[in-house]
Amino acid sequence: MARLIALRSILLLVVVVLVSRLAQLQLIETDAQRFGADIEVTTRRYLTNQPRRGEIFDARGVLLAESVPIYNLAVIPGQLPSSSAAPEQLALTLARLAQIAELPATLVIDPGTAIDTTPGLRSDLSSFGSLPTASDVVTMTIAPSDVLRALDVSHKYRDVATLVNPIEQLLAQANVRSYQPIVIKEDISPELALALRENANYLPGARVVEGFRRRYPLSGEIPSLSHLLGYVGRINACELVAVNPASSWLRALTDITTNAPTCGLIAKSIEPTSVGLPPYLSSDQIGKDGLEGAYESVLRGQMGIDSLLVDALQRPVSGVTTLRAVANGHDLVLTIDTRFQTEVERILQRWINVGEERRLAAREAHKRAYEPIVAGVAVALDPRDGRILAMVSLPDYDNNIWVDPARIAELQALLAPSDAETQQTLQRLAPFTNRAIAGLYPPGSTVKQFVGAVALQQGIISADTQLRDPGLLRLIERSGAEFILPNSVRNRDNGLINVRDALRLSSNVFFASIAGGNDQAINLDQRALRITGLGIDQLVEGLSWFNFGRPTGVDLVGEASGRVPTQAWKAQVLREAWTTGDTYNTAIGQGYLEVTPLQLAVAAGAVATDGTLYRPHLVDRIVDENGQLIQQMQPEVIGRVPIDPRHLAEIREGLFASITDGLGVAAREVCSGLRIAGKTGTAEFGPLLTTVDGRFVRQSHAWFVGFAPYENPEIVVAVLVEGVGDLNDGSSTIAVPAVTQIMQAYFGITPPANRPAICPVLPGE
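Residues numbered from 1 in each chain as written. Predicted model: local features only at pLDDT ≥ 70, side-chain atom pairs only at ≥ 80, totals over all residues. Heavy atoms only, no water.

### Remarks on the packing of aromatic side chains
What counts is decided by this rule: Stacked, tilted and edge-to-face are the three classes applied to pairs of Phe, Tyr and Trp rings, where Trp contributes its six-membered ring and a pair requires centres within 6.5 Å; stacked means planes under 30 degrees apart, edge-to-face means over 60, and tilted covers the rest. Buried means the residue's accessible area, taken with a 1.4 Å probe over protein chains only, is under 20% of the maximum for its type, while exposed means over 50%, and partly exposed covers the values in between. To sit over a ring, a charge needs its Lys NZ or Arg CZ within 6 Å of the ring centre and within 35 degrees of the ring normal.
Scanning the entire structure with this criterion turns up 13 aromatic pairs. Between F707 and Y710, the aromatic rings sit 6.4 Å apart at their centres with planes inclined by 20 degrees, giving stacked as the arrangement. Y710 carries the same exposure label as F707, and that label is buried. A network of ring pairs unites the aromatic residues Y231, Y397, W402 and F432 as a single cluster. We note R300 situated over the ring of Y280; from NZ or CZ to the ring centre the distance is 4.0 Å.

Following this line, the structure appears as structure tokens:
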């Protein structure tokens, strides 16, 4: 009996063990529970989920930039056949993928003499096209459709032939973990994506991953938007180092010094909690220009992170766990209305065309020899808060060429033209350059309003001070050479004039005198009032009040600082001493002074109002993907001009008189229906040219910067048309009517009926 009980007990124990083991095998959920968390058995891996990039809308909600869902063909290196255990299967898989991705491969014959010495090799190679010239090593580019045949050739002649698969190079260059996907072709068709998923067993390591492609719906129709929106592109090595934070200052220092030879000095942020997956991977897209670059952190969103356990062979042994949910990027709502932007682009292009017509019809041979008139800038902003209402830079381009794979040929033609003549033309046109923020130009007479305001504030003159303007200033420089500064209209004697008259007449003599003094002039009679002027140091200080020589801080990538020349600058850069003539030239917007059109518009806005300088901005607000407000942009003051309001009022009176009694007839109220004030400018540039009668001249740009309505300004517009300043007084007859029509479009005003005969008939009316 005791033996029977013992036997039954043993049998029961065996049954319990078997049932327990069976339960463990049947009810276990994952291999991870079976293996446990032993680091020798399993290792945790992290996967990323890319966010949808935020979209961009105009002030009325019109879509300007969107992220379109696409399918991408990717490779997971850890799931490819082993290069040691199954090299032929790996080569076949990569060849198939290269064929599917339409990536050309390279067949290398080493030594090249094997083509003639190896039986059958020449015949097999000829099927891929004409053979290259014989050399020590022969390379042939293999079309995607021929990659599999080329693989067979490399196997057949393995001693001398090697097929270099482009995907191998991508895998070697990608700095990712073996379980992370590497995109080898973007935006594949849905049909191909479905076929790849259905045939995944025949392509180990290949995966279809979802992604987004950027699209700019209106840039083809309104190409001037491209300079504002910018574009996205694959992140490069230097950008990757810059945007990914370091976990410590030592790591940051290492990254900076290691990459300095290639990338220069990089600003590197430090986040002690950044250990693990970085915010950006080598396959990511990043904003490269315009708003896309300036608001990269807002538009990008936050990458989602999942985790899983893998075994020693990198095979998943657990389910995916979400550590951080993906957060899509926020959207931007801009200050510009695309209807107004379109109208500004159309108006500016029309007046550029007028300039080209004048060049071709010019009587002077040297003017007909000018380069074609093709470039210009128009900037419109609200001087009360800095909102940019329109910004157009011509020539322009369609930024879809950066993101549409089907238009890669167009992009290559602009980046790397085939011949030297085309390259030279593209360098001159610079279609990728936003001239409004990066173009540097002498401002010409538009700067006189600021010089006059500074001289009034510094007590050099009063509102009623009258200076003698005989038509030119003549003085003897330190070197003994004679310096002559003529008026804009040569040899015009303006008599005794005050600052308001000087703005109306655009007197070079007056503004040169208040800046550099007229006490050294040798062509003024004894009765003329002599003054020492501001001097270059006070002039530089005064121009800095209006933010010249510094970026405005506009929310775009690539803004230039401009240049306000100083004595130290000239000594350091040109190795020359500063002269009174240099001060004269600076005061009339020539010489070494350079501004951007946006800087000029912002400074003019301060004169038009109460002296407050606002940071110009294109983004009105940031919203989430559901339209909920995240941030409303508030007006930001970047400076207040320390000039008495009475002095600014005097300047405004002069600017108004330059329209009502000056040459800008098209802007007069009886012609335009608006009360416009502003200042023209003709700015010389380029080399000296010789006329038929032996005179030396330079080509010039045409400027006008104005505001309206005069009593309560709501808009400031600056227009520059390159190279037309001396084509029938382009400043008054091209730049002024261009600004006038832009203002009429903004306020919805048509030219008055029954205008006086003095009013010009403008194109488009």
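### Digging into helix α28 (residues 730-747)
Let me state the cut-off plainly: To qualify as a helix, a DSSP run of H or I must reach at least 4 residues; to qualify as a strand, a run of E must reach at least 2; elements of each kind are numbered from the N terminus. An expected span of 1.5 Å times one less than the residue number is assigned to each helix.
Here α28 spans 25 Å end to end across 18 residues, near enough to the 26 Å set by a 1.5 Å rise per residue. Counting buried positions over the 18 residues of α28 gives 14, a clear majority of the element. Phi turns positive, to about 70 degrees, at G748, one or two residues after α28.

### A short note on the sheet that holds strand β5 (residues 138-142)
Filter applied, for reference: Strand pairing requires that DSSP identify at least two bridges connecting the strands. To get an axis, fit a line to the C-alpha atoms, keeping to the stretch in contact for a helix; angles then go from 0 to 180 degrees between the N-to-C directions. Pairs of residues are marked as contacts when any of their non-hydrogen atoms sit within 4.5 Å.
Pairing in this open sheet of three strands is antiparallel, and the strands run β5-β4-β6 from one edge to the other. Of all strands in the sheet, those bounded by a partner on one side alone are β5 and β6 (161-164). On average, each strand axis in the sheet is tilted by 20 degrees relative to the strand beside it, whichever way the strands run. For strand β4 (residues 105-109) and β5, the ladder comprises five bridges, and the chain directions are antiparallel. Bridging from a neighbouring strand, I109 pairs with V138 of β5. Here helix α6 (residues 147-156) sits on the sheet and contacts β4, β5 and β6; the angle it forms with β6, its principal contact strand, is near 145 degrees.

### As for the state of the cysteines
Defined as follows: The criterion for a disulfide is a pair of cysteine sulfur atoms lying within 2.5 Å.
Throughout the structure, instances matching the rule amount to two disulfides. C238 shares a disulfide with C263; S-S distance 1.9 Å. When the S-S torsion is -80 degrees, as for the bridge of C238 with C263, the disulfide is left-handed. Here the residue C238 occupies a position in helix α10 (residues 237-243), and C263 occupies one in helix α11 (residues 249-263), the gap between them amounting to 25 residues. Judged by relative accessible area, C238 falls into the partly exposed class, the value being 23%. According to the relative accessible area criterion, C263 is partly exposed, its value standing at 22%. Covalent S-S linkage joins C671 and C759, the inter-sulfur distance amounting to 1.9 Å. Its torsion about the S-S bond being -80 degrees, the disulfide of C671 and C759 is classed as left-handed. Taken together, the positions of C671 in helix α27 (residues 669-672) and C759 in the segment after α28 put the pair 88 residues apart, joining distant regions of the chain. The class for C671 is buried, based on a relative accessible area of 4%. In the protein, the bonded cysteines, numbered by position in the sequence, are linked as 1-2, 3-4.

### Focus: the confidence of the model for the protein
Defined as follows: In predicted models, pLDDT denotes the confidence assigned by the predictor to each residue on a 0 to 100 scale.
For the protein, mean pLDDT is 89; residues scoring 70 or higher make up 93% of the total. Every residue in residues 28-32 scores below 50 in pLDDT, and together they form 10 contacts with partners more than four places removed in sequence or on other chains.

### Examining the sheet that holds strand β25 (residues 696-708)
If you trace the five strands from one edge of the open sheet to the other, you get β15-β14-β26-β25-β24, paired in antiparallel fashion. Pairing within the sheet leaves two strands with one partner each, and these edge strands are β15 (388-394) and β24 (677-690). Going from strand to strand, the sheet's axes swing by 10 degrees on average, the running direction of each strand aside. In this sheet, strand β26 (residues 715-721) lies alongside strand β14 (residues 376-381) in antiparallel orientation, the contact comprising six bridges. Note that in β26 the partner of V377 across the bridge is L720. In this fold helix α25 (residues 597-608) packs onto β14, β15, β25 and β26, with an angle of close to 35 degrees to the strand it touches most, β14. The sheet strands contacting helix α26 (residues 645-660) are β24 and β25, and the helix crosses β24 at an angle near 70 degrees.

### A few points about unusual backbone geometry
The omega angle of the peptide bond from D110 to P111 is 5 degrees, so this bond is cis rather than trans. Of note, the amide linkage connecting A708 to P709 takes the cis form, showing an omega dihedral of -15 degrees. Position of P709 among the secondary structure elements: in the loop between β25 and β26. Phi at E102 is positive, roughly 60 degrees, even though this residue is not glycine. With respect to the helices, strands and loops of the structure, E102 is situated in the loop between α3 (87-100) and β4. Residue classification places E102 among the exposed positions, given a relative accessible area of 55%. With a phi angle near 55 degrees, N754 is a residue other than glycine that sits in the positive phi range. Inspection of the secondary structure assignment puts N754 in the segment after α28.

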